Amino acid sequence: MATAPALAAGIDLAKPYGNKSGCINRNGQQVYAEDMLLVTKTDLVTAASACTIKETKANSDGSLLLKTECEAEGEEGKAPADFILKPSPKNKKKLIVTDDSGFVMGEVSQCK
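Residues numbered from 1 in each chain as written. Predicted model: local features only at pLDDT ≥ 70, side-chain atom pairs only at ≥ 80, totals over all residues. Heavy atoms only, no water.

Visitor: How would you explain the environment of Lys94 if you had to name every residue and give the values?
Guide: For Lys94, the location among the structural elements is in strand β7 (residues 94-99). Classification of Lys94 by relative accessible area gives partly exposed; the value is 29%. Sequence separation between Lys94 and Gly18 is 76 residues, and the spatial gap between their C-alpha atoms is 9.3 Å. Beyond its immediate sequence surroundings of up to four residues, Lys94 is in contact with Lys86, Pro87, Ser88, Glu107, Val108 and Ser109. (Helix = DSSP H or I, 4+ residues; strand = E, 2+ residues; numbered from the N terminus. Buried < 20%, exposed > 50% of the residue type's maximum accessible area, 1.4 Å probe, protein only. Contact = heavy atoms within 4.5 Å.)

Visitor: Outline the state of the cysteines, listing residues and values.
Guide: With the rule as written, the count across this model stands at two disulfides. At a sulfur-sulfur separation of 2.0 Å, the disulfide partner of Cys51 is Cys70. Between Cys51 and Cys70 the disulfide shows an S-S torsion of about 105 degrees. By sign, it is right-handed. Of this pair, Cys51 sits in strand β4 (residues 49-58) while Cys70 sits in strand β5 (residues 64-72), and the two are 19 residues apart along the sequence. Take Cys51 and Cys70: they sit in the same class, and that class is buried. (Disulfide = S-S within 2.5 Å.)

Visitor: So, the pairing of strand β8 (residues 104-110): which residues are in play, and what are the values?
Guide: Here strand β1 (residues 17-18) pairs with β8 via two bridges, running antiparallel. Residue pairing for β8: Gly18 is matched across the bridge by Ser109. Two strands pair when backbone bridges link them, and β7 and β8 are joined in this way by five bridges, in the antiparallel orientation. Along β8, the bridge assignment pairs Thr98 with Val104. Between the antiparallel neighbours β7 and β8 lie four residues, among them Gly102 with a positive phi of about 95 degrees. (Pairing = 2+ DSSP bridges.)

Set out below in structure tokens:
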């Protein structure tokens, strides 16, 4: 019987996840898009910020906690930020990305 922690282990960031513009930009910025969202095993990138993943932790509900340090566009230095990845209830192949306040940043799927 599968348990929730095994599900979290199923979130494998060995291959990048992104929305359409995130996947296009996975090897460096090709296009600018306000909605860009890309998650790799080392980074979480949006149009406005670049975050380096320092630690990942599987949660008992099947989600994955990403502890990161982020550089925001136009700001000096890095700030800590936490993000949660969880399987989409509508499509198990997609992940929902939320920030630590619960704001849904978007849905990503494995880049092809």
